[in-house]
Amino acid sequence: MRNSRAPRTALALASAAALTLTAAGCAAEDEGSEWAAAHRPTVELPQLKGEKLQVAAVWTGDEQKNFRKVLDEFEKRTGAKVEFVPTGDNVATYIGSKIEGGSPPDVAMLPQVGVLREFAKKGWLKPLGKQALAESRKNFAKGWRDLGSYEGKQYGIYYKAANKSLIWYNTQAFEDAGVKEAKDWKSFVKDAETLSDSGVDPVSVGGADGWTLTDWFENVYLSQAGPEKYDQLAEHKIKWTDPSVTRALKTLQELWGKGHLLAGGNQGALQTDFPKSVTQTFGNLASPQAALVFEADFVGVNIEGDTKARIGKDAQVYPFPKVGAKPPVVTAGDAAAVLKNSKGAQALATFLASEDAAGIWAAEGGYVSPNKELDLSAYPNQPQREIAKALVGAGNDFRFDMSDQAPAAFGGTKGEGEWKALQDFLKNPEDIEGTQRALEKAAAKAYEK
């Protein structure tokens, strides 16, 4: 896989200072919530009355509901009927089985760059049609188009992006302990100790979902080792036994190696999935099970959907603290890829490349689009606009989620590869050498295919 991939442009989205927020919007607070109703369509779509399409994606809960509104608009404008099919966490396995069984969805939302390129290499994806390509070129920076490409052809449109370098915290817990937003890792760990002393478990870790642990590692590694090493490790041009990986794991050990700093201890963290990691922090504001949780801007969706916390008051957010010279900013995204080369599938790809489709979800909150033509007024509040502005303003300079760039067997499969190795490390943070051997063994096997 390493040699088959097109070169990736990458660097941090923007300085973390630009993302120091007092809130990260998901609530419909002002004119942004009215955007979809008032917006004039910018892209022409064909009439598809009687045509049935199927779209597969990982989204559940509020994310699925918000995407359903996007599909509803497509149905309204074309006359087509679109069925949404949830894939579960293992998107590659689900889609692969459908393709091999002869019944693939028309369009799939692929969250891993490595998976998109694996599928393109196998001939499972259809290149974007003329109109979809034109819409993509108009609305997206070259870096995002390159991420959706393989051997010079574009197969994916990054409809949804995420800033995966944010710390969300319970305002009252921080006030009670007398701690503030940490600027660096040393302060972050020190604050965790202070929070523990105040009587609340400091950090909620969703260790049952291995992808959250890869995000922890990537933020520490990018800030500590730097972007050049990050790219080398992402391509497996250096081994996971490299000293730079050792340093990153030792840094994580400073937190994960102290059970009293994790909500429920190490075993509790391993039994906590991502949604629970959020509700542990914000579900009971008077007596939270944790003071903070690390993850992307989409945490806001879970806060608003699953708790009574108000973002900007009960729930605050700040950038991941710097471990090295600069704070990290890691991004991810979901790319729409066409699996059936029909008029309807290409029309849906065109729609998803448009500002029309981006604006519908943006108005609902808990969403960031790399679509540079989307007016920031589509977002429901100022903090959310600032996140989007930084993303788009970065142009081609960003670092994409490392595990999402890897072959699915290593970076995107439940119970295997990096997910499993880091879960084992969370269980036993003393075993750094064993963790590195396990990571390298799994990576070597996955990348050689």
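- As annotated in an unreviewed UniProt entry, the protein chain carries the name Carbohydrate ABC transporter substrate-binding protein and comes from Streptomyces spirodelae.
- Under the Sequence similarities (unreviewed entry) heading, UniProt states for the protein chain: "Belongs to the bacterial solute-binding protein 1 family."

### Regarding the layout of surface pockets
Moving on, step 1. Its boundaries defined by the atoms lining it, the largest pocket holds a volume of some 810 Å³.
Moving on, step 2. V58, W59, E63, W211 and F298 are, among the 32 residues lining the largest pocket, the residues nearest its centre.
Moving on, step 3. Contributions of two or more residues to the lining of the largest pocket are made by α2 (61–78), β6 (156–163), α9 (210–225), α13 (274–282), α14 (299–306), β11 (330–338) and α18 (402–405).
Moving on, step 4. Of the residues that constitute the lining of the largest pocket, the class distribution is 13 nonpolar, nine polar and ten charged.

### What about the nonpolar core?
Most often, soluble globular proteins have nonpolar side chains that are buried together.
Moving on, step 1. F67, F74, M109, W144 and Y159 are the most contacted members of the largest nonpolar core, which has 71 residues in total.
Moving on, step 2. The greatest single-element share of this core, amounting to six residues, is contributed by helix α15 (residues 343–352).
Moving on, step 3. Here F74 is in contact with L45, L48, L53, G79, A80, V82, G344, A347, L348 and F351, once residues within four sequence places are set aside.
Moving on, step 4. Within the second largest apolar cluster, 54 residues are counted, among which are Y169, A182, W185 and L249.

### Topic: the packing of α9 against helix α20 (residues 417–427)
The description of two packed helices rests on the angle between their axes and on the distance between the axes.
Moving on, step 1. Interaxial distance between α9 and α20 falls to 8 Å at its minimum, and their mutual angle equals 80 degrees. When the axis of α9 is compared with that of α20, the two are roughly perpendicular. Between α9, through G210, W211, L213, T214 and F217, and α20, the contact on the second element is made entirely by E418, W419, L422, Q423 and L426.
Moving on, step 2. Class assignment of the residues belonging to the contact of α9 with α20 gives a composition of six nonpolar, three polar and one charged.

### Describing the environment of D375
Moving on, step 1. Looking at the secondary structure, you find D375 in the loop between α16 (355–364) and α17 (382–393).
Moving on, step 2. Between the alpha carbons of D375 and G415 there is a distance of 41 Å; along the sequence they are 40 residues apart.
Moving on, step 3. Side-chain polar atoms of D375 contact the backbone nitrogen of S377, separated by 2.8 Å.

### Structural notes on the packing of aromatic side chains
Moving on, step 1. Considering all chains together, one arrives at 30 aromatic pairs under this definition.
Moving on, step 2. When the ring of W144 is compared with that of Y158, the centres are 5.5 Å apart and the planes differ by 50 degrees; the resulting orientation is tilted. Placement of W144 in helix α6 (residues 142–147) and of Y158 in strand β6 is noted, with a sequence separation of 14 residues between them. Taken individually, W144 and Y158 each receive the classification buried, so the pair is uniform in this respect.
Moving on, step 3. A centroid spacing of 5.3 Å and a plane angle of 35 degrees characterise the contact between F217 and W240, whose relative ring orientation is tilted. Here F217 is found in helix α9, whereas its partner W240 is found in the loop between α10 (227–234) and α11 (243–256), with 23 residues between them in sequence.
Moving on, step 4. Assessed through its relative accessible area of 1%, F217 is described here as buried.
Moving on, step 5. Since its relative accessible area comes to 1%, W240 is described here as buried.
Moving on, step 6. Through a chain of ring-to-ring contacts, three or more aromatic side chains come together here, namely W185, F188, W216, W256, F294, F320 and F425.

Parameters at a glance
- Residues numbered from 1 in each chain as written.
- Predicted model: local features only at pLDDT ≥ 70, side-chain atom pairs only at ≥ 80, totals over all residues.
- Heavy atoms only, no water.
- UniProt positions renumbered as here; feature names shortened; annotations may be inferred.
- 1 Å grid on protein atoms, 1.4 Å probe; cavity = no way out; pocket = protein on both sides within 12 Å on 5 of 7 lines; lining within 4 Å.
- Points joined across faces, edges and corners; volume = space filled by probe spheres on them.
- Helix = DSSP H or I, 4+ residues; strand = E, 2+ residues; numbered from the N terminus.
- Nonpolar A, V, L, I, M, F, W, Y, C, P; charged D, E, K, R; others polar.
- Core = buried A, V, L, I, M, F, W, Y, C linked by side-chain atoms within 4.5 Å.
- Buried < 20%, exposed > 50% of the residue type's maximum accessible area, 1.4 Å probe, protein only.
- Contact = heavy atoms within 4.5 Å.
- Axes fitted to C-alpha atoms, helices over the stretch in contact; angles between N-to-C directions.
- Parallel < 35°, antiparallel > 145°, perpendicular 65-115°, else oblique.
- Polar contact = N/O pair within 3.5 Å; in protein donor to acceptor, adjacent residues only side chain to side chain.
- Phe/Tyr/Trp six-rings, centres within 6.5 Å; stacked < 30°, edge-to-face > 60°.

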